[in-house]
Amino acid sequence: MFLSFFGNRSSKTFKPKKNIPEGSHQYELLKHAEATLGSGNLRMAVMLPDGEDLNEWVAVNTVDFFNQINMLYGTVTDFCTEEKCPIMSAGPKYEYHWADGTNIKKPIKCSAPKYIDYLMTWVQDQLDDETLFPSKIGVPFKKNFLNVAKTILKRLFRVYAHIYHQHFDSVMQLQEEAHLNTSFKHFIFFVQEFNLIDRKELVPLQELIEKLTTKDR
């Protein structure tokens, strides 16, 4: 999936790429998803494959979206600086403050690069936690897994929102808008398919979401 959007170019990533172990069932699921994505039908590509476990499907796709956003944000880090983005925003109406509930309990106002660094590091820690994202066959997912995934995806959405609102001109200069749009459309179809993000959280990109999804209804 990841490679189908970005080819083999040596694009820098913001954080190290999260790999799914080759030979594992999750790796097979990722390959299945890549093959379905190749057909160009994103609505079909996000559907739970027959006989598969929803938690595992959500886990594989969450890792993949982390990798995609990681690479997309990596393309604009030169433009997303403390000076240019002193607050983490998605347009003039929406501002995000960071809290993770453990290290930072009270939401803090910070620059976009700082916020996204906190966010991506936090997501990485969740993905690396074998009790939350088990990679070994037979290890069950926790009962609250979908809630954890929902929080991760809700926060990853904010990176898309920031890129679209504050850095789309740079994305266009780099000729990366097709990658960004395809990645975001895939993300939106996925979260809509399984009701993983509340509508109110998606409001900063509502118009774009309607535009990208209407022709596929």
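Residues numbered from 1 in each chain as written. Predicted model: local features only at pLDDT ≥ 70, side-chain atom pairs only at ≥ 80, totals over all residues. Heavy atoms only, no water.

An unreviewed UniProt entry lists the protein under the name MOB kinase activator 1Bb, with Oryzias latipes given as the organism.

(A) Main features of the side chain of Arg158. Relative to the helices and strands, Arg158 resides in helix H6 (residues 145–173). The exposure class assigned to Arg158 is buried, which follows from its relative accessible area of 11%. Apart from the residues within four sequence positions on either side, Arg158 is in contact with Met88, Tyr96, Tyr115 and Glu201. (Helix = DSSP H or I, 4+ residues; strand = E, 2+ residues; numbered from the N terminus. Buried < 20%, exposed > 50% of the residue type's maximum accessible area, 1.4 Å probe, protein only. Contact = heavy atoms within 4.5 Å.)

(B) The side chain of His162, seen in detail. As for its placement among the helices and strands, His162 is situated in helix H6. On the basis of relative accessibility, which here comes to 0%, the residue His162 falls in the buried class. Other than its neighbours up to four places away in sequence, His162 contacts Cys80, Cys85, Met88, Ser89, Ala90, Ala112, Ile116 and His167.

(C) Quick look at helix H5 (residues 112–128). For H5, which comprises 17 residues, the first-to-last C-alpha distance of 24 Å matches the rise-based estimate of 24 Å (1.5 Å per residue) to within 8%. Buried within H5 are the following residues: Ala112, Pro113, Tyr115, Ile116, Leu119, Met120, Trp122, Val123, Gln124, Gln126 and Leu127. (Expected span 1.5 Å × (residues − 1).)

(D) Geometry of the packing of aromatic side chains. Per the stated rule, a full pass over the model turns up 15 aromatic pairs. With a centroid separation of 5.2 Å and 80 degrees between ring planes, the pair formed by Phe65 and Phe187 is classed as edge-to-face. One end of the pair, Phe65, is in helix H4 (residues 54–76); the other, Phe187, is in helix H7 (residues 177–193), with 122 residues separating them in the sequence. For the residue pair Phe65 and Phe187, the accessibility class agrees, reading buried in each case. Arranged with centres 6.2 Å apart and planes meeting at 40 degrees, the rings of Phe157 and Phe184 form a pair that is tilted. Taken together, the residues span a long stretch of sequence, with Phe157 in helix H6 and Phe184 in helix H7 at a distance of 27 residues. By relative accessible area, Phe157 is classed as buried at 0%. Here a set of aromatic residues connected by ring pairs shows up, and it is made of Phe65, Phe157, Tyr160, Tyr164, Phe168, Phe184, Phe187, Phe190 and Phe194. When the ring centre of Phe189 is taken as reference, the NZ or CZ atom of Arg43 above it lies at 3.8 Å. Lying over the aromatic face of Tyr118, Lys114 brings its terminal NZ or CZ to 5.2 Å of the ring centre. (Phe/Tyr/Trp six-rings, centres within 6.5 Å; stacked < 30°, edge-to-face > 60°. Lys NZ or Arg CZ within 6 Å of the ring centre and 35° of its normal.)

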